[in-house]
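These are the residues of each chain, in order.
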Amino acid sequence: MTIRLGDIAPDFTAETTQGTIQFHQWIGDGWAILFSHPKDYTPVCTTELGYMAKNKHEFDNRNVKVIGLSVDSLNDHDGWTRDIEETQRCTLNYPLIADEDREISTLYDMIHPNADNTMTVRSVFVIGPDKRVKLMLTYPASTGRNFDELLRVVDSLQLTADFSVATPVNWRAGDDVIIVPTVTDEEAREKYPDGWNSIRPYMRVVHQSQVHH
Ligand code: BEZ
């Protein structure tokens, strides 16, 4: 099954390092990130999972739960967790799914046979409180992801979910944002009484501090 942006993220039951979970129930009312790594006891994955653990508070602050996945066993996850904690100096503070039968990897199309027949690629799914897929990333095994970028996109996804704005290239929280073209100038005048910078009629910019209910 192909998953596309806007689709309901497939629900599943999984064995994790923090017990059995039912995915949608586990997500609750907030946001979630489901991310796969290719294999336990591998170097790049070790750095990624350690970095996520050390920065989990940033995801907590944004009301985003995080959960990892690979096709390795719970036993391997538990053993490797000790290595991650020791080498990356962290506490692995989020669950890892043991998808030994590849049910979830298949559901989310995380195994790309022309890249590798057995391991999952480095997939990321950002899921909103409505359980719909808001963003997907796919990286190969040889390239570790930029987890700071995940925080940046969550900031954009959460802002643009609440307001009729979009975020420009390399935007970071606090920068100027763009008034989406579907908002008329008349509507914009109501939302932004202090005005906006009209670079082109279709390119209207306001500072993020102006964006509020
Ligand atoms: C790694 O995490 O270092 C890795 C995993 C699978 C294949 C290649 C590298």
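Residues numbered from 1 in each chain as written. Predicted model: local features only at pLDDT ≥ 70, side-chain atom pairs only at ≥ 80, totals over all residues. Heavy atoms only, no water.

1. Focus on the site of the ligand
As a matter of local geometry, the ligand sits amid Pro38, Thr42, Pro43, Val44, Cys45, Met119, Arg122 and Ala141. Contacts to the ligand include threonine 42, whose side-chain N or O atom sits 2.9 Å from an oxygen atom. Protein burial of the ligand: of its 260 Å² of free accessible surface, 77% is covered by the chains. The element contributing the most residues to the shell around the ligand is helix H2 (residues 43–54), with 3 residues. Residues that form the shell around the ligand fall into these classes: 6 nonpolar, 1 polar and 1 charged. (Near = heavy atom within 4 Å. Polar contact = N/O pair within 3.5 Å; in protein donor to acceptor, adjacent residues only side chain to side chain. Areas by Shrake-Rupley, 256 points an atom, 1.4 Å probe, with all protein chains shown as cover. Helix = DSSP H or I, 4+ residues; strand = E, 2+ residues; numbered from the N terminus. Nonpolar A, V, L, I, M, F, W, Y, C, P; charged D, E, K, R; others polar.)

2. A closer look at the side chain of threonine 16
Here threonine 16 is to be found in strand E1 (residues 13–16). Of note is the side chain of threonine 16, whose polar atom sits 2.8 Å from the backbone nitrogen of glutamine 18. Of note is the side chain of threonine 16, whose polar atom sits 2.7 Å from the backbone oxygen of glycine 19. Apart from residues lying up to four places away in sequence, threonine 16 is in contact with Ile21, Ile67, Leu74, Pro95, Leu96 and Ile97. (Contact = heavy atoms within 4.5 Å.)

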